[in-house]
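Residue-level structural notes
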Amino acid sequence: MLRRLILAAAAVLAFAAAPAFAETEAEHPENYPFSFEGVFGTYDRASVQRGFAVYSQVCAACHALEHMSYRNLGELPDGPFLAYRVTNEETGAQEITLTPHGHHGKPVDPNDNPYVRSIAEAATISAIDRETGQPTDRPGRPSDRFRSPFPNESAARLANGGALPPDLSVIVNARHGGADYIRSLLLGYGEPPAGVEVVEGKYYNRYFPGGWIAMAPPLVVEGQASYSDETVATIDQMATDVAHFLEWAADPKMAHRKSMGFSVMIFLLLLAGLTYTSYRLVWRNEKH
Amino acid sequence: MSGPSTYVPQTGFTRWLDARLPIVRLAHDSFVAYPTPRNLNYWYTFGAILSMMLVVQIITGVVLAMHYVASTGVHTGGYSSIAFASVQRIDRDVPYGWLIQNIHSVGASMFFIAVYVHMFRGLYYGSYKAPREVLWILGCLIYLLMVATAFLGYTLPWGQMSFWGATVITNLLGAVPVVGESIKNWLMGGFSIDNPTLNRFFSLHYLLPFVIAGVTVLHVWALHVTGQNNPAGVPVKSAEDTVPFTPYATMKDAFAVVLFMLMFAAFVFFLPDALGHTDNYIPANPLVTPAHIVPEWYLLPFYAILRAIDFNVGPIDSKLGGVILMFAAIAVLFVLPWLDTSSVRSMRYRPIARICFVIFVVVSIALGWAGAQNPSLVLNPVEYRADLNWAQGGALRVAEVQVSDPGQMDAAIEASTKELTDAGASYTYVARESGTRATVSGLVGGEMQTQTVSAHSTDELEEAVATAKQGVGAPIVEVARHTPFEFTVTRLAQLLTAYYFAFFLIILPLLGLRETPGRVPDTIAKAVLSRQPKTAGAEA
Ligand code: HEM
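Please read these numbers as outputs of a predicted model, since none were measured by experiment. (Residues numbered from 1 in each chain as written. Chains lettered and ligands numbered in written order. Predicted model: local features only at pLDDT ≥ 70, side-chain atom pairs only at ≥ 80, totals over all residues. Heavy atoms only, no water.)

**With respect to the overall build of chain A**
Going by this rule: Helix and strand assignments come from DSSP, with helices taken as H or I runs of at least 4 residues and strands as E runs of at least 2, each series counted from the N terminus. For a compact globule the rule gives 2.2 Å times the number of residues to the power 0.38, and the radius of gyration it is set against comes from C-alpha atoms. The buried label applies to any residue whose accessible area, calculated with a 1.4 Å probe on protein chains only, is under 20% of its type's maximum; exposed applies above 50%, and partly exposed to all values in between. By definition in these notes, contact holds between two residues if any of their heavy atoms fall within 4.5 Å. Each accessible area value is a Shrake-Rupley result obtained with a 1.4 Å probe; residue values ignore everything except the protein chains displayed when judging cover.
When helices and strands are counted, chain A shows 8 helices and 7 strands. By the compact-globule yardstick of 19 Å for 288 residues, chain A is too spread out, its C-alpha radius of gyration being 27 Å. Along the first, second and third principal axes, the C-alpha set of chain A runs to 95 × 80 × 45 Å. Burial status across chain A gives 42% buried among its 288 residues. The long-range fraction of contacts in chain A, counting pairs at least 24 apart against all pairs at least 6 apart in sequence, stands at 59%. Accessible area for chain A stands at about 15600 Å²; split by element, carbon and sulfur atoms hold 57% of it.

**Section: the coordination of the iron atom of the ligand**
All names here are of chain B. Note the threshold: Distances up to 2.8 Å from the metal define which N, O and S atoms are donors, and 3.2 Å serves for Na, K and Ca; water is absent from the atom set, so sites may look incomplete. Only four donors with every angle between 85 and 135 degrees are called tetrahedral; only four or six donors with opposite donors over 155 degrees apart and all others between 65 and 115 are called square planar or octahedral, in that order; all others are irregular.
The iron atom of the ligand binds to the protein through His 118 (NE2) and His 219 (NE2); the donor distances cover 2.0 to 2.1 Å. Around the iron atom of the ligand, the 6 donor atoms are arranged such that angles at the metal cover 79 to 179°; this shape is classified as octahedral. Placement of the pair is His 118 in helix α5 (residues 97-124) and His 219 in helix α9 (residues 195-226), with a sequence separation of 101 residues. As far as the burial class goes, His 118 and His 219 line up, both buried.

**Some words on the packing of aromatic side chains**
Rule in force here: Planes of paired rings set the category: under 30 degrees apart is stacked, over 60 is edge-to-face and the rest tilted, where pairs are Phe, Tyr or Trp rings (Trp by its six-membered ring) whose centres lie within 6.5 Å. By definition, being over a ring means that NZ of Lys or CZ of Arg is both within 6 Å of the ring centre and within 35 degrees of the ring normal.
For the structure shown, the criterion picks out 52 aromatic pairs over all chains. Geometrically, the ring pair formed by Tyr 279 of chain A and Phe 255 of chain B is stacked, given 6.4 Å between the ring centres and 5° between the ring planes. You can see Tyr 279 of chain A sitting in helix α8 (residues 254-283) and its partner Phe 255 of chain B sitting in helix α10 (residues 245-270), one on each of two chains. Judged by its relative accessible area of 5%, Tyr 279 of chain A falls in the buried class. Looking at Phe 255 of chain B, the relative accessible area reads 10%, which means it is buried. When the ring centre of Tyr 44 of chain B is taken as reference, the NZ or CZ atom of Arg 121 of chain B above it lies at 4.4 Å. The ring of Tyr 42 of chain B carries the charged tip of Lys 252 of chain B above its face, separated from the ring centre by 4.8 Å.

**Describing the site of the ligand**
Residues and elements named next belong to chain B. Inclusion rule: Near residues are defined by distance, with any heavy atom within 4 Å of the molecule or strand qualifying the residue. Any N or O atom pair separated by 3.5 Å or less is treated as a polar contact, with the protein-specific requirement of one donor-capable and one acceptor-capable atom, and with residues adjacent in sequence counted only for side-chain atom pairs. Residue type decides the class: Asp, Glu, Lys and Arg count as charged, Ala, Val, Leu, Ile, Met, Phe, Trp, Tyr, Cys and Pro as nonpolar, and the leftover types, Gly among them, as polar.
Residues in close proximity to the ligand total 22 residues, the closest being His 118, Ser 127, Gly 139, His 219 and Asn 229. Here an oxygen atom of the ligand and a backbone polar atom of Gly 47 are 2.9 Å apart. Interatomic distance of 2.6 Å between a side-chain N/O atom of His 118 and a nitrogen atom of the ligand. Residue assignment for the shell around the ligand shows that the elements contributing at least two residues are α3 (46-67), α5, α6 (133-155) and α9. Ranked by residue count, the leading element in the shell around the ligand is α6, at 6 residues. The residue inventory of the shell around the ligand, partitioned by class, reads 12 nonpolar, 9 polar and 1 charged.

**Re the nonpolar core**
Filter applied, for reference: In plain words, nonpolar cores are sets of buried Ala, Val, Leu, Ile, Met, Phe, Trp, Tyr and Cys residues tied together by side-chain atoms within 4.5 Å.
Counting residues in each nonpolar core, the largest one holds 124 residues, and the members touching the most others are Tyr 68, Phe 112, Tyr 143, Tyr 500, Phe 503 and Phe 504 of chain B. With 15 residues, the single largest contributor to this core is α5 of chain B. With sequence-adjacent residues up to four places away left out, Phe 504 of chain B is seen in contact with Leu 123, Val 332, Leu 333, Leu 336, Leu 339, Phe 360 and Pro 509 of chain B. Listed in part, the 49 residues of the second largest apolar core include Tyr 55, Phe 81, Tyr 189 and Ala 250 of chain A.

**Digging into the interface of chain A and chain B**
This is how it is decided: Salt bridge criterion: a side-chain nitrogen from Lys or Arg within 4 Å of a carboxyl oxygen from Asp or Glu.
Every contact between the two is made by 57 residues of chain A and, on the other side, 63 residues of chain B. The partner of Glu 286 of chain A in a salt bridge is Arg 38 of chain B, with the nearest N and O atoms 2.7 Å apart. If you look at where chain A meets chain B, you find 13 residue pairs in polar contact (both at pLDDT 80 or more). Taken together, the elements giving at least two residues each to the side of chain A that touches chain B come down to α1 (2-16), α4 (153-159), α5 (171-174), α7 (235-250) and α8 of chain A. Looking at side-chain class alone, the side of chain A that touches chain B contains 33 nonpolar, 12 polar and 12 charged residues.

**Focus: the sheet that holds strand β1 (residues 84-87) of chain A**
Whenever strands of a sheet pair, they do so through backbone hydrogen bonds, lying parallel or antiparallel. All names here are of chain A. For clarity, the threshold we go by: Criterion used throughout: strands pair if DSSP finds at least two bridges between them.
Taken in spatial order, the 3 strands of this open sheet run β2-β1-β3, and their pairing is antiparallel. Of all strands in the sheet, those bounded by a partner on one side alone are β2 (94-97) and β3 (106-107). The sheet contact formed by β1 and β2 spans 4 bridges and is antiparallel. Pairing of Tyr 84 across the sheet is with Thr 97, part of β2.

**Topic: the domain arrangement of chain B**
Short version of the rule: Segmentation of the chain into domains, including their bounds, is taken from an automatic or database domain assignment.
Along its sequence, chain B is organised into domain 1 (20-302) and domain 2 (384-482). Relative to domain 2 of chain B, the C-alpha centre of domain 1 of chain B lies at a distance of 63 Å.

**What to know about the pairing of β1 of chain A**
Residue and element names in this part refer to chain A. Judged by which residues are buried, β1 turns out to be one-sided: Tyr 84 and Val 86 face inward and are buried, whereas Arg 85 and Thr 87, on the alternate face, are not. In sequence, β1 turns back onto β2 through a hairpin of 6 residues, with Gly 92 there showing a positive phi of about 80°. Note that β1 and β3 share 2 bridges and pair antiparallel. The partner of Arg 85 across the bridge, within β3, is Lys 106.

**Some details on the domain arrangement of chain A**
Where interface size is quoted, it is often the accessible area lost as the parts come together. What the domain assignment reports for chain A is domain 1 (23-68 + 151-252), domain 2 (69-144) and domain 3 (256-288). The C-alpha centroid of domain 3 of chain A is placed 44 Å from the C-alpha centroid of domain 2 of chain A.

**Some remarks on the sheet that holds strand β3 (residues 384-392) of chain B**
All names here are of chain B. Basically, it comes down to this: For helices, the fitted line uses only the C-alpha atoms of the stretch in contact; every axis is such a line through C-alpha atoms, and the angle between N-to-C directions lies from 0 to 180 degrees.
Ordered by their spatial adjacency, 3 strands build an open sheet running β7-β3-β8, and the pairing between neighbours is antiparallel. A strand with exactly one partner marks an edge of an open sheet, and here the two such strands are β7 (447-455) and β8 (478-482). Looking at each pair of strands side by side, their axes are set apart by 20° on average, direction ignored. With 5 bridges connecting them, β3 and β8 associate as antiparallel partners. Looking at the pairing, Asn 389 lines up with Glu 478 of β8.

**So, the environment of Tyr 143 of chain B**
All names here are of chain B. Secondary-structure assignment places Tyr 143 in helix α6. Residue contacts for Tyr 143: discarding those within four places in its chain leaves Phe 112, Val 115, Tyr 116, Met 119, Phe 302 and Ile 330. Polar side-chain contacts of Tyr 143 include one of 2.7 Å to the side chain of Tyr 116.

**With respect to the pattern of salt bridges**
Residue and element names in this part refer to chain B. Within the structure shown, the criterion is met by 24 salt bridges over all chains. One salt bridge in this structure joins Glu 181 and Lys 184, with 4.0 Å as the shortest N-O distance. In this pair, Glu 181 and Lys 184 are both assigned in helix α8 (residues 180-188), 3 residues apart and thus about one turn of the helix distant. Its relative accessible area of 43% is what places Glu 181 among the partly exposed residues. Between Arg 437 and Glu 400 there is a salt bridge, with the nearest N and O atoms lying 4.0 Å from each other. Of this pair, Arg 437 sits in strand β6 (residues 437-444) while Glu 400 sits in strand β4 (residues 395-402), placing them 37 residues apart in sequence. Residue Glu 400 is classed as exposed on the basis of its relative accessible area, which comes to 57%. Overlapping salt bridges, with partners in common, bring together Lys 129, Asp 340, Arg 350 and Glu 515 in one network.

**A look at unusual backbone geometry**
Residues and elements named next belong to chain B. The step from Ala 130 to Pro 131 runs through a cis peptide bond, and the omega angle for that step is 5°. Omega for the bond connecting Thr 246 with Pro 247 falls within 30 degrees of zero, at 5°, which places this linkage in the cis form. Mapped onto the elements, Pro 247 comes out in helix α10. In this model, Val 178 sits at a positive phi of 65°, which is unusual for a non-glycine residue.

**Regarding the packing of helix α11 (residues 300-308) of chain B against helix α17 (residues 489-514) of chain B**
All names here are of chain B. Worth spelling out the cut-off: Should an angle fall under 35 degrees it is called roughly parallel, over 145 degrees roughly antiparallel, and 65 to 115 degrees roughly perpendicular, with every other angle called oblique.
Between α11 and α17, the shortest axis-to-axis distance is 9 Å and the interhelical angle comes to 110°. The angle between α11 and α17 falls in the class roughly perpendicular. From α11, Phe 302, Ala 304, Ile 305, Arg 307 and Ala 308 reach across to α17, where they touch Thr 490, Ala 493, Gln 494, Thr 497 and Tyr 500. A per-class count over the contact of α11 with α17 returns 6 nonpolar, 3 polar and 1 charged.

In structure tokens:
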């Protein structure tokens, strides 16, 4: 007992230095019923369009979409600004619209797509002037990559207090929970629970591993992104839409993948039936 | 087994060719007339499934290599590498690139599912035993090559797991004494994982599948020399025991291949990322270590064995020990034909061996699970307890000790302590300020008190102790923490590893000498006939 009590003194000191329990377990993302989930799920085009508005008006200030080009916005199968050429029933004139009008509309090449062109042209792209060889700026074209907010990683870190705003083209695949996580993260800011030590220059977010994220709450007021449809841009709505858009960005070929998947599965099932029947026929007179 | 050729060329051209290059005869003898045991079950279709998978991986791989760029340089307008961006380009811009890429990455997992079934099949039916030792060893060689190929391929997208997986594995080689460091640097093409590493990994990843294809040819050749084993484990004795490969085995294989493709397609089209790790969608960053570095699922059992060794054995430190055991886990397969002493091939007729085999399969899967967990995760429900001891009341007495010669220090402290205890101090405490100065404090009088706190985790316990101490408010409180028995993932992995090796090195050698096997049928035909009453209805 004596010896152990003596050892206690060390413990007294060690205790004073014991760390506060700053690390908090991240909460599990809230499960939101996105329309693209499940084997039959499809993208909600209007939501992807609104999500693009949120991305370009809010997130694009810090986050790149480095693996994507403007033309992707107007590409099959699910580009949010995929346009169709339709003939006006009354005037007989050719018109380009975002709605396919049943099966009458013909998809427009992204290069000729006025929606995609105007989105691209709004961006300023640094390029090399072919004649002078000097750097110049020019309006973007559909074939250009999305303009990154920063020229390189160092510049991005410098502007964000040392943290790197990750590229968002595949962010949905790069995080457990996917779109649910993105949506929850955007809505998960708040006061830290009592007793949690505040981290300088970071913001408490209950869905972020460790609790403290270097991204200031990006969605703070209703109407922060202006929507072209009647939907009210509540914070919740913006978070949902941008998560939907980012899912499309990470998996633009989903519709092709699923529809081909069905054909392949049906084909293989028929083939399985056929091979099984042949197998039984071949073996019908053999004991095995 | 193969016997004399029964091929008879039918046309002028085939007669002409047969006299010059009897390739049609070879194909006919190997895949048409080749006699297969009539009792082969579906476990015997996995060789055909593997052959299909090898072709699928090579074709998709060659197409991917047309678009993939092995460069760690930063791609224009972004933060990720050119390699990472080129994989994104394949998924997004190459026509059907997403399909080819999904097939290849999911295909790697499917290939391993098939190879594990194929290997367990061989274990169960004793297919490694004479005269099929070379066939088995060639199989083990193929497996080793598959592991290497899969590891190399996983580095190519240059994601976080690619980079850190490569780092962990090359570091392992560095643990080998004397030559390790040189091998490591030679493999990396420098002193760190960088562009030269990626380039040589790509080159080797393209090369090895063709080596696998070559060894597979030898594997099938060896198979056709000895003939296939079968679920009864008894050799083929007469023509009655066999059926020709085509159409009998071909049709059964075809059906099994289609079933396998159904599962494959379900993953490719509906769950393409289910078998991968999210971190590999994060571009490689040498400055950020992922929270958990784990290999692909099919290498997890070996990863668990690697990490199970957390102790040093003589001159072998834990790291090298883990590496040795990990390689030994594969090496032991090569010598298996000489470890199993039983003359009965099929475990159908070895009741005890069969139980040990089932445990072995469970152990292998459990090792895979352990490989994916945090090694220090505690698996048993434990209660952490601590006793707080302090003295209530009493007076604190402090004595200064000062000596001129540090050598006298201990004696002086002892004397001072004794003085305090003689004065009735219930405990004393020495604080040494320097070699020649110390204070000895002691509590005189007072009553000993004890309080016990408990919690379900060490963190909670520390919190509980802190709160309890505040409540006590005594100047000195002794905390005695009781370390309960913690059954960690590492402990579990050690047990599992022990069984893994015991199965090969103890159970199979000893059991073969001692067990009484069941009655083995004399011929395959008899084995089939003996089951006849049961299957008669189905056959009709
Ligand atoms: C690329 C990988 C491989 C391919 C394409 C392949 C192909 C084949 C084929 C076509 C057969 C005959 C059909 C059957 O019994 O399933 C076979 C049999 C066999 N394979 Fe493999 N194999 C591969 C890997 C392995 C591995 C890794 C092992 C073991 C370590 C192995 C061990 C055997 C044995 C022992 C047999 C004879 C089975 C018996 O007669 O009971 N093979 N293999």
